[in-house]
Amino acid sequence: MSLVERIGLRALRCLDPETAHGLALDLLRAGLAGGGGPVTSPRLTTDLAGITLPNPIGIAAGFDKNAHAVPEVLRTGVGFTEIGAVTPRPQYGNLKPRLFRLSEDLAVINRFGFNNDGAYAIHRNLTRRAPRGIVGVNLGANKQTEDRAEDYVAVLERFHAHVAFATINVSSPNTEKLRDLQGKAALDALLGRVLEARDRLGPLPIFLKIAPDLSAGEVSDIAGVARARGVDGIVATNTTLSREGLRSEHARQAGGLSGAPLREKAIEILRQLYRATDGSIPLIGVGGIASAQDAYARVKAGASAVQLYTALVFEGVSLGAHIASGLDQLLERDGFGSVAAAVGTEA
């Protein structure tokens, strides 16, 4: 981390977390973070559901949900980024304060509630600046909608021609009853609707993002439905409702917990998914990834790619480049010629 980035992080931590997040995106868009593009090598180049990634390190949905700084994010060294969650109509989300730093735990709690500028405005932001690189969209549903599948389809229709993949988000804990869509019958019906729309619109990888707070039986059910429906990838995981072992003063705030305390729970879900799918569906590991060793552990547990978010709050936007470079060295050390060769070796 550069001296400028270290000073900037220290200054941002003096602000309300949501204000600091917005300012960080403004500074990133202004070019203050620097970076010349993705870190890459023959070992790091990765196939993810037919998408060629320069490296398997991505930025998770929620970091730049309104697509304000996509070209700049892609210049920080990561291999891809994901905008959203996007809902058809603009949505304020839950009342503030709704974002809390847990510095002692290297964690964050949020209860945003799918706040975003809406599909029309976010699509305009994305297409106006025509970023070079791999961008996906996280599909969301408005809080008041009765047919959430219809909302997912509406966002997919808006973004289909301008993204490399779309992720169905059924795992945010901050939208009432959203996680109910992870149930076997509900999930099957939802995937049927979205994949039918995808087939009508044309080829596009569709991923499914799931929660970490699932039993082994629920993971098995999700894996079975995903395989039967032909989902192109599974993102594991979203934030957790668990508060086990936290020390920070905000530990009892409502919302989803992300960061270091999620690490072991998320990697265990990843292992279960890899075994339940026999490695037949590409997996994207998320939750508590803050180093090259963390990313490597996810790869060996079954992930073809990983995504970062909360660690950026504590380590800065240069973290993605450092993790990519470190992962390249770890693969070389252990004799792997590619990320794919290491996937699932310790699942």
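On a predicted model such as this, the values are computed, not experimentally measured, just so you know.

*Asks:* Is there a simple way to think about helix H6 (residues 184-201) in this case?
*Replies:* Every α-helical turn comprises 3.6 residues, leaving residues that sit three or four positions apart pointing alike. For H6, with 18 residues, the first-to-last C-alpha span of 26 Å sits near the 26 Å given by 1.5 Å per residue. Contacts made by the buried residues of H6 are with helix H5 (148-159), strand E8 (165-169), strand E9 (206-210) and helix H7 (216-229). Of the residues one or two after H6, Gly202 is the one with positive phi, at around 130 degrees.

*Asks:* Where do I start with a nonpolar patch on the surface in this structure?
*Replies:* There is a patch of nonpolar side chains on the surface, built from Leu15, Leu23, Leu27 and Leu32 and spanning about 320 Å² of accessible area. Within the secondary structure layout, Leu23 lies in helix H2 (residues 17-29).

*Asks:* How do you make sense of the packing of aromatic side chains when you look at a structure like this?
*Replies:* Two descriptors summarise a pair of aromatic rings, namely the distance from one centre to the other and the angle between the planes of the rings. All chains considered together, the criterion is met by three aromatic pairs. Residues Phe80 and Phe165 carry aromatic rings whose centres are separated by 6.2 Å and whose planes lie at 70 degrees to one another, so their mutual orientation is edge-to-face. Placement of the pair is Phe80 in strand E4 (residues 80-86) and Phe165 in strand E8, with a sequence separation of 85 residues. Cluster of aromatic residues (ring-pair linked, three or more members): Phe80, Phe165 and Phe207. Sitting over the face of the ring of Phe112, Lys65 holds its NZ or CZ atom 4.6 Å from the ring centroid. Here Arg98 stacks its cationic end above the ring of Tyr92, 4.8 Å away from the centre of that ring.

*Asks:* Please explain the side chain of Asn55 as it appears in this structure.
*Replies:* Mapping Asn55 onto the fold places it in the loop between strand E2 (51-53) and strand E3 (57-59). Overall, the relative accessible area of 0% leaves Asn55 in the buried class. Among the polar contacts listed, one links the side chain of Asn55 to the backbone nitrogen of Gly79, at a separation of 3.1 Å. Once you skip the residues sitting within four places of it in the chain, Asn55 turns out to touch Pro38, Val39, Leu44, Gly77, Val78, Gly79, Phe80 and Ala324.

*Asks:* Any chance you could explain the sheet that holds strand E11 (residues 256-259) here in plain terms?
*Replies:* Each strand in a sheet pairs with another by means of backbone hydrogen bonds, the pair being arranged parallel or else antiparallel. Taken together, three strands build an open sheet; the order of strands is E5-E6-E11 and the sheet is antiparallel. Looking along the sheet, the strands with just one partner apiece sit at the ends: strand E5 (99-102) and E11. Each neighbouring strand pair of the sheet contributes to a mean axis angle of 20 degrees, computed without reference to strand direction. In this structure, strand E6 (residues 107-110) lies alongside E11, joined through four bridges in antiparallel fashion. Looking at E11, one finds that Asn110 is bridged to Gly256.

*Asks:* What is the right way to read the nonpolar core from this model?
*Replies:* Proteins that are soluble and globular tend to have nonpolar side chains buried together. Counting residues in each nonpolar core, the largest one holds 53 residues, and the members touching the most others are Tyr152, Phe159 and Ile168. Within the second largest apolar cluster, 28 residues are counted, among which are Val78, Ala292, Leu308 and Val339.

*Asks:* It is not clear to me how unusual backbone geometry should be interpreted in this structure. Could you clarify?
*Replies:* Of all residues except glycine, most have a negative phi; of all peptide bonds, most are trans. The residue after Gly84, namely Ala85, is reached through a cis peptide bond having omega 10 degrees. On the secondary structure map, Ala85 appears in strand E4. The omega torsion across Lys96 and Pro97 is -5 degrees, close enough to zero to call that bond cis. Its place among the elements puts Pro97 in the loop between E4 and E5. Positive phi, normally seen in glycine, also occurs at Ala49, with a value near 55 degrees. Among the structural elements, Ala49 can be located in the loop between strand E1 (46-48) and E2. You can call Ala49 partly exposed: its relative accessible area is 23%. Not every positive phi belongs to a glycine, and Lys177 is a case in point at roughly 65 degrees. Within the secondary structure, Lys177 sits in the loop between E8 and H6.

*Asks:* Quick question: what am I supposed to make of the packing of helix H9 (residues 292-301) against helix H11 (residues 319-333) here?
*Replies:* Angle between the axes and distance between the axes are the two parameters that describe a pair of packed helices. Contact pair H9 / H11: the axes reach a minimum separation of 8 Å and the direction vectors enclose 55 degrees. Relative to H11, H9 is oriented oblique. Our pair here, H9 against H11, has a crossing hand that is right-handed. Counting all contacts with H9, which are made through Ala292, Gln293, Ala295 and Tyr296, the residues of H11 involved are Ile323, Gly326, Leu327, Leu330, Leu331 and Arg333.

Calculation criteria
- Residues numbered from 1 in each chain as written.
- Predicted model: local features only at pLDDT ≥ 70, side-chain atom pairs only at ≥ 80, totals over all residues.
- Heavy atoms only, no water.
- Helix = DSSP H or I, 4+ residues; strand = E, 2+ residues; numbered from the N terminus.
- Expected span 1.5 Å × (residues − 1).
- Contact = heavy atoms within 4.5 Å.
- Patch = residues over 30% accessible without salt bridge, like charges linked within 9 Å, V, L, I, M, F, W, Y side chains within 5 Å.
- Areas by Shrake-Rupley, 256 points an atom, 1.4 Å probe, with all protein chains shown as cover.
- Salt bridge = Lys/Arg side-chain N within 4 Å of Asp/Glu carboxyl O.
- Phe/Tyr/Trp six-rings, centres within 6.5 Å; stacked < 30°, edge-to-face > 60°.
- Lys NZ or Arg CZ within 6 Å of the ring centre and 35° of its normal.
- Buried < 20%, exposed > 50% of the residue type's maximum accessible area, 1.4 Å probe, protein only.
- Polar contact = N/O pair within 3.5 Å; in protein donor to acceptor, adjacent residues only side chain to side chain.
- Pairing = 2+ DSSP bridges.
- Axes fitted to C-alpha atoms, helices over the stretch in contact; angles between N-to-C directions.
- Core = buried A, V, L, I, M, F, W, Y, C linked by side-chain atoms within 4.5 Å.
- Parallel < 35°, antiparallel > 145°, perpendicular 65-115°, else oblique.
- Left-handed = near helix turned anticlockwise from the far one by under 90°.

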